[in-house]
Every structure is written in structure tokens, then in C-alpha cells.
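# Per-entry structural report
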Amino acid sequence: MAIVKYKNQSGVTYAYESISEWDPVKKQSRPKRKYLGRVDPETGEIISTAGKRGASQKEGQHTGHKSNRLQDPF
């Protein structure tokens, strides 16, 4: 198991956990990667971004769906 870091064109560095798994059909090792988060450019620490999409919404509530909006009965 290894941590792999990639920097994209905008300069943001992302961290992935990479595990090599054997592919018996092709008889080659294939990487399996799991996203860990962004890398802080100052400290080099991995900042997890898991769960950020739903962090501002309360549990059980969804925004933007017509079925969950209150409608004026008149």
C-alpha cells in the first residue's frame, strides 16, 4: 500500500491510496486507487474532502427537489 500524489494543471495536489492487484486474465499488476483528499501546500498534510457535499444540509432534507418544497395551496 502506498500514497500517491498527483498535481493537476491548476496546481492543486491530490492524494490517493494505491494498492496493486494481480489481473489473472492479462497477467499483469493493476493499480486500485482510493481518493483520500487534497494535500495542503504549506504543511503537506492530507485534507479529507469526504462528506463536504452534504455538510450544509440537515439529515433527511434535500434541497432543489420539487417534491420536498412546500407549495402554496391557493
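You'll find the structure just up there.
These notes cover the structure that comes with them. None of the values given here were measured: they were computed from a predicted structure.

Here is what the cut-offs are and how they apply
- Residues numbered from 1 in each chain as written.
- Predicted model: local features only at pLDDT ≥ 70, side-chain atom pairs only at ≥ 80, totals over all residues.
- Heavy atoms only, no water.
- Helix = DSSP H or I, 4+ residues; strand = E, 2+ residues; numbered from the N terminus.
- Buried < 20%, exposed > 50% of the residue type's maximum accessible area, 1.4 Å probe, protein only.
- Contact = heavy atoms within 4.5 Å.
- Areas by Shrake-Rupley, 256 points an atom, 1.4 Å probe, with all protein chains shown as cover.
- Phe/Tyr/Trp six-rings, centres within 6.5 Å; stacked < 30°, edge-to-face > 60°.
- Pairing = 2+ DSSP bridges.

On a plain count of helices and strands, the chain comes out with zero helices and four strands. Within the chain, the proportion of its 74 residues that are buried is 9%. Long-range contacts, defined as pairs at least 24 residues apart, comprise 15% of the intrachain contacts of the chain with a sequence gap of at least 6. Total accessible area on the chain is roughly 7,000 Å²; 50% of this is exposed by carbon and sulfur atoms.

A few words now on the packing of aromatic side chains. In the structure shown here, the tally under the stated rule is three aromatic pairs. Among the aromatic residues, ring-to-ring pairing joins Tyr 6, Tyr 14, Tyr 16 and Tyr 35 into one connected group.

The subject of this paragraph is the sheet that holds strand β3 (residues 28-39). One open sheet holds the four strands; their spatial order is β1-β2-β3-β4, and the pairing between them is antiparallel. Both outer strands of the open sheet, β1 (2-7) and β4 (46-47), are each paired with one neighbouring strand and no more. Note: strand β2 (residues 13-23) against β3, 10 bridges, orientation antiparallel. By the bridge assignment, Glu 17 is partnered in β3 with Lys 34.

On to the pairing of β1. In this sheet, β2 lies alongside β1 in antiparallel orientation, the contact comprising six bridges. Bridging across to β2, Lys 7 finds its partner in Thr 13. Hairpin connection, β1 to β2: the antiparallel pair is bridged by five residues, and Gly 11 has positive phi, about 95°.

Now for unusual backbone geometry. Glycine aside, negative phi is the norm for most residues, and most peptide bonds take the trans geometry. Positive phi, close to 55°, is recorded for Lys 27, a residue that is not glycine. By the secondary structure assignment, Lys 27 is in the loop between β2 and β3.

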